[in-house]
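Inside the fold
This is what each chain is made of:
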Amino acid sequence: MAYPEKVLTEDEEVVRHLHPHWTTVFWPVVLFLVIVGAASFGAALVPAGDQQALWRLLVLGVAAVLALVLVAAPLLRWRTTHYVITTHRLLCRTGVLTRHGRDIGLSRMTDVSYRQSLWERLVSSGTLTIETAWDSGPTVLSAIPDSDEVQQLLAQLVEEDADRRAGAQSGPLDGWAQHRDGGTTQQYH
């Protein structure tokens, strides 16, 4: 699914759209299986009698609340976290009910590095650290899939953005021209 066009400028294109690595939802999925198994087992253990339906409903209610808190919430957080790399910037959007966003222009990036533990290398994940020209400190993005490739991609895009900006600013001496006949200099508007 493409990122919404309304947040992109005219000449901006999405290069890569990422969510956090799948390992961030591994344990919620395992917990879901445990909750379903435990609820089924618990409902089967309820002794027969007048209150059996009520107790089974209570077991299912507890399982539903646990599934909502321990499974649905992390899955929604994963699904609503977007890291979008475009030809001009990096967009970070997080949050389910309350949204938080940050845009980092490629021209502002001064350093992009990644870090991977042994486990993260095995599952192709890692942490990106992006230093910017701003004084707000580095931006750290955890659980990025293919973090080494994303780091290289961002470095390449930063260079291409610098070249594009340099090309856009070049012209006849950045808007100044010298006339040979009178030796006067004028600025073109």
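From a predicted model like this one, the values you see are computed outputs, not experimental measurements. (Residues numbered from 1 in each chain as written. Predicted model: local features only at pLDDT ≥ 70, side-chain atom pairs only at ≥ 80, totals over all residues. Heavy atoms only, no water.)

**Comments concerning a nonpolar patch on the surface**
Heads up, the condition is: To count toward a patch, a residue needs a relative accessible area over 30% and no salt bridge; like charges are then connected within 9 Å, while nonpolar side chains (Val, Leu, Ile, Met, Phe, Trp, Tyr) are connected within 5 Å. Accessible surface is estimated by sampling points in the Shrake-Rupley manner with a 1.4 Å probe; for residues, cover comes only from the protein chains shown. Counted as salt bridges are all cases of a side-chain nitrogen of Lys or Arg within 4 Å of a carboxyl oxygen of Asp or Glu. Only DSSP runs of H or I covering at least 4 residues are called helices, and only runs of E covering at least 2 are called strands; the numbering of each starts at the N terminus. Between buried and exposed lies partly exposed: a residue is buried under 20% and exposed over 50% of the maximum accessible area for its type, with that area taken using a 1.4 Å probe on protein chains only.
There is a patch of nonpolar side chains on the surface, built from Leu 31, Trp 55, Leu 58, Val 62, Val 65, Leu 66, Leu 68, Val 69 and Leu 70 and spanning about 820 Å² of accessible area. Among the elements that take part in the nonpolar patch, helix H2 (residues 52–79) stands out by supplying 8 residues, more than any other. Here Leu 70 lies in helix H2. Its relative accessible area of 34% is what places Leu 70 among the partly exposed residues.

**Looking at the nonpolar core**
How we decide: Put simply, buried Ala, Val, Leu, Ile, Met, Phe, Trp, Tyr and Cys residues joined by side-chain atoms within 4.5 Å make one nonpolar core.
Core analysis: the biggest nonpolar cluster contains 18 residues, and Leu 90, Met 109, Leu 141 and Leu 154 have the highest contact counts within it. Broken down by element, this core gets its largest block of residues, 5 residues, from helix H4 (residues 147–169).

**Structural notes on the side chain of Glu 120**
Cut-off, in case you're wondering: Working convention for charge: Lys and Arg count positive, Asp and Glu count negative, and His plus the chain ends are omitted. Two residues qualify as a contact provided that any one of their heavy atoms is within 4.5 Å of a heavy atom in the partner residue.
Take Glu 120: it is sitting in helix H3 (residues 118–123). Look at Glu 120: it is buried, it has no salt bridge, and the nearest opposite charge is Arg 115 at 5.8 Å. Discounting residues that sit within four places of it in the chain, Glu 120 has contacts with Arg 115, Ser 125, Gly 126 and Thr 127.

**Quick notes on the packing of aromatic side chains**
Put simply, the rule is: When two rings of Phe, Tyr or Trp (its six-membered ring) have centres within 6.5 Å they constitute a pair, described as stacked for plane angles under 30 degrees, edge-to-face for angles over 60, and tilted for the intermediate range.
Within this structure, the stated rule accounts for 2 aromatic pairs. With a centroid separation of 5.0 Å and an interplanar angle of 75°, the aromatic rings of Phe 26 and Trp 27 are classed as edge-to-face. On the accessibility criterion, Phe 26 (38% relative accessible area) is partly exposed. Put simply, the rings of Trp 22, Phe 26 and Trp 27 pair up and form one aromatic cluster.

**Description of the sheet that holds strand S6 (residues 127–132)**
This is how it is decided: In short, DSSP must find at least two bridges between two strands for them to pair. All axes here are fitted lines through C-alpha atoms, helices being fitted over the stretch that makes contact, and every angle between N-to-C directions spans 0 to 180 degrees.
Read from one edge of the open sheet, 3 strands run S5-S6-S7, paired in antiparallel fashion. Because the sheet does not close on itself, it has two edges, and the strands there are strand S5 (109–115) and strand S7 (139–141). The average angle at which neighbouring strand axes cross in this sheet is 15°, direction not considered. Sitting on the sheet, H4 touches S5 and S6, and the angle it makes with S5 is about 165°.

**Some remarks on unusual backbone geometry**
At Ala 143, a residue that is not glycine, the phi angle is positive and equals roughly 55°. If you trace the backbone, Ala 143 turns up in the loop between S7 and H4. Here the phi dihedral of Asp 146 falls at roughly 50°; this positive angle occurs in a residue that is not glycine. Following the sequence through the fold, Asp 146 ends up in the loop between S7 and H4. Classification of Asp 146 by relative accessible area gives partly exposed; the value is 22%.

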